[in-house]
Amino acid sequence: MARREADRASQPGRSVAGTNLEFTRSHNRRVVLDTVRRLGPVSRAEIARETALTNQTISNIVEELEEAGFLLPGEPKREGRGQPSIPYEINPHGAWSLGFHVDHRAIIAALVDLTGKPVAIREIAAERPSPASAARALRRLADELVGQAAIPAARLLGAGLALPVRFGVGAITTAGPTTLPGWDDPDARQTISEALEQPVLIENDAMAAAIGERLHGVARAIDSFVFLFLDEGLGSGVFLGGQPWRGASLNAGEIGHMIVVPGGKPCPCGNRGCLERYLSLSAAEEFLADVPGAPKLSQLDTSASEAVERWVEDAAPHLASAVNILESTLDPETILLGGVAPADVLARLIDKAMPLPMSVGSRSGRSLPRLMTGSVGRHTVALGAAALPIFDEINPRFDVLLKH
Ligand SMILES: [Zn+2]
């Protein structure tokens, strides 16, 4: 399928309309795949109703996708008179994809099937890997994962790569203790792609996690949300109307450097009082370093210690402010808090952030909480990275994943 397409199907909300006339089969294939992903198992008649495509168009596309191995037919169901209807689902073994999370101390690799289910995950230590050194490691990991899973090479959609960097802006891109050298080189993606012999899509870690959440996680039916990504820093991935919101320089969602305490703690970006100086694992580490007998960062999840609780109480009001600002600016359906931070720490942060300050999010009749837990754990970003090629393949309007 073509990777870049214009798009006329601008209807927001749960379904993107297909087009019978001038727009391509490729676009319509994406519309059908996306509908089956969200609603499957689903019959051809239901797909036609959902997409506003003709029955004939749906029949042709479904047949083509079934032959290609992307769709799996279920048992025919007879309802009343007439032809029995066949429910279709995404075929997990129709394709696979690789995801890599590269940061300043490790590389995590994941192989997932077309439904996003992890087939295998590996992790190796890596000290601030450059594109060249990462390329060699990624190739080894890819060969190992694909070889062990016995995946036909032709069925690999590609690879996604998630990095803790921001793109193409000055100080913030290169500031901080977790920066990787050399990745702002325009040839970095090419270096990785040549080593893997696969097309490679690059995202920042927070947006990769958000895309994974949208494709396979709790946000699969949520069109507008913010995924707050808590790791050593604080980032976010923003989805509006079912699409990732990238911003003019591809750095939308960089909320860790929103100033929440004017004149507050100095930040490596040059400002003072940035949100991530209070709400991040590095902020927690710094806070706990000043408390005698406090647990180390790696022990946060096993400890209900008073010291951790004190940090949670210190950080939670800043989380509440962030929710207020994001709701007031973007009016999302919900805000998800996730990332590599321990699950119980995130749950306690959400708990302590209540009651949230008033905003447009305080509306009555909500079906989702204003703030809830998203995907959590060390593998969240690698799995999100593995979702990038799949999302690129099946999302009807996704045409600007980073390709530099
Ligand atoms: Zn900052």
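Here's what I pulled together on the structure shown here. Here the structure is a predicted model, which is why all the values come from computation and not from measurement.

1. Regarding the overall build of the protein chain
Inference 1: When helices and strands are counted, the protein chain shows 11 helices and 12 strands.
Inference 2: For the protein chain, the computed accessible surface area is about 17300 Å², with 52% contributed by carbon and sulfur atoms.

2. Describing the coordination of the zinc ion
Under perfect tetrahedral coordination by four donors, a metal shows angles of 109.5 degrees; under perfect octahedral coordination by six donors, it shows angles of 90 or 180 degrees.
Inference 1: The protein atoms donating to the zinc ion are His-257 (ND1), Cys-267 (SG), Cys-269 (SG) and Cys-274 (SG), with metal-donor distances spanning 2.0 to 2.3 Å.
Inference 2: Its four donor atoms give the zinc ion angles of 105 to 121° at the centre, a pattern that matches the tetrahedral case.
Inference 3: Along the chain, the residues donating to the zinc ion are arranged with the sequence spacing H-x9-C-x1-C-x4-C.
Inference 4: A relative accessible area of 8% means that Cys-267 is categorised as buried.
Inference 5: Since its relative accessible area comes to 14%, Cys-269 is described here as buried.

3. Some details on the packing of helix H1 (residues 25–39) against helix H11 (residues 380–394)
Inference 1: Running from N to C, H1 and H11 cross one another at 120°; their axes reach a closest spacing of 8 Å. In this view, H1 runs oblique relative to H11, as classed from their interaxial angle. Across the interface between the two elements, Arg-30, Leu-33, Asp-34 and Arg-37 from H1 touch Asp-392, Glu-393 and Ile-394 from H11.
Inference 2: Each residue belonging to the contact of H1 with H11 can be placed in one class, and the counts come to two nonpolar, no polar and five charged.

4. Quick notes on the pairing of strand S7 (residues 200–204)
Inference 1: When you tally the buried positions in S7, you get five out of five residues, the bulk of the element.
Inference 2: Side chains Val-200, Ile-202 and Asn-204 project from S7 onto one buried face, and the interleaved Leu-201 and Glu-203 project onto a second face that is buried too.
Inference 3: Two elements, strand S6 (residues 156–163) and S7, share five bridges in a ladder whose sense is parallel. Note on S7: the bridge partner recorded for Ala-159 is Val-200.

5. Describing a negative patch on the surface
Inference 1: Negative charge collects at one region of the surface, where Asp-184, Asp-185, Asp-187 and Glu-194 lie side by side.
Inference 2: Residue placement: Asp-187 occurs in the loop between helix H5 (171–174) and helix H6 (188–196).

6. A closer look at the sheet that holds strand S3 (residues 96–102)
Inference 1: If you walk across this open sheet you meet the five strands as S5-S4-S3-S6-S7, and the pairing is mixed. The sheet terminates laterally at strand S5 (118–125) and S7, the two strands that pair on one side only. Averaged over all adjacent pairs, the angle separating strand axes in this sheet is 15°, with direction ignored.
Inference 2: As judged from the seven bridges shared by S3 and strand S4 (residues 106–113), these two strands associate in the antiparallel manner. Bridged to Val-102 within S4 is Ile-107.
Inference 3: Helix-sheet contacts for H6 involve S3, S6 and S7, and the interaxial angle to S7 is about 135°.
Inference 4: Here H11 sits on the sheet and contacts S3, S4, S5, S6 and S7; the angle it forms with S3, its principal contact strand, is near 135°.

7. Focus: the environment of Gly-160
Inference 1: As for its position among the elements, Gly-160 is in strand S6.
Inference 2: Relative accessible area serves as the criterion here: at 0%, Gly-160 is assigned to the buried category.
Inference 3: For Gly-160 and Ala-208, which are 48 residues apart along the polypeptide, the C-alpha to C-alpha distance reads 8.5 Å.
Inference 4: What Gly-160 contacts, discounting residues up to four positions off in sequence, is Leu-98, Gly-99, Phe-100, Leu-201, Ala-385, Leu-388 and Pro-389.

8. A look at the packing of aromatic side chains
Inference 1: According to the stated counting rule, one finds three aromatic pairs in the structure shown.
Inference 2: Each ring, one from Phe-239 and one from Phe-391, has its centre 6.0 Å from the other, and the planes form 70°; the classification is edge-to-face. Taken together, the residues Phe-239 in strand S9 (residues 234–240) and Phe-391 in helix H11 connect sequence positions 152 residues apart.
Inference 3: Take Phe-391: its relative accessible area is 1%, and that puts it in the buried class.

9. Things to note about unusual backbone geometry
Inference 1: Looking along the chain, the bond that leaves Gly-40 and enters Pro-41 is cis, with omega of 0°.
Inference 2: The omega torsion across Met-354 and Pro-355 is -10°, close enough to zero to call that bond cis.
Inference 3: Tracing the backbone through its elements, the reader meets Pro-355 in the loop between helix H10 (343–353) and strand S12 (371–376).
Inference 4: A positive phi angle, near 65°, is found at Ala-52, a position not held by glycine.

Quick notes on the rules
Residues numbered from 1 in each chain as written. Predicted model: local features only at pLDDT ≥ 70, side-chain atom pairs only at ≥ 80, totals over all residues. Heavy atoms only, no water. Helix = DSSP H or I, 4+ residues; strand = E, 2+ residues; numbered from the N terminus. Areas by Shrake-Rupley, 256 points an atom, 1.4 Å probe, with all protein chains shown as cover. Donors = N, O, S within 2.8 Å, 3.2 Å for Na, K, Ca; no water. Tetrahedral: all angles 85-135°; square planar, octahedral: opposite > 155°, others 65-115°. Buried < 20%, exposed > 50% of the residue type's maximum accessible area, 1.4 Å probe, protein only. Axes fitted to C-alpha atoms, helices over the stretch in contact; angles between N-to-C directions. Parallel < 35°, antiparallel > 145°, perpendicular 65-115°, else oblique. Contact = heavy atoms within 4.5 Å. Nonpolar A, V, L, I, M, F, W, Y, C, P; charged D, E, K, R; others polar. Pairing = 2+ DSSP bridges. Patch = residues over 30% accessible without salt bridge, like charges linked within 9 Å, V, L, I, M, F, W, Y side chains within 5 Å. Salt bridge = Lys/Arg side-chain N within 4 Å of Asp/Glu carboxyl O. Lys, Arg positive; Asp, Glu negative; His and termini not counted. Charge placed at Lys NZ, Arg CZ, Asp CG, Glu CD. Phe/Tyr/Trp six-rings, centres within 6.5 Å; stacked < 30°, edge-to-face > 60°.

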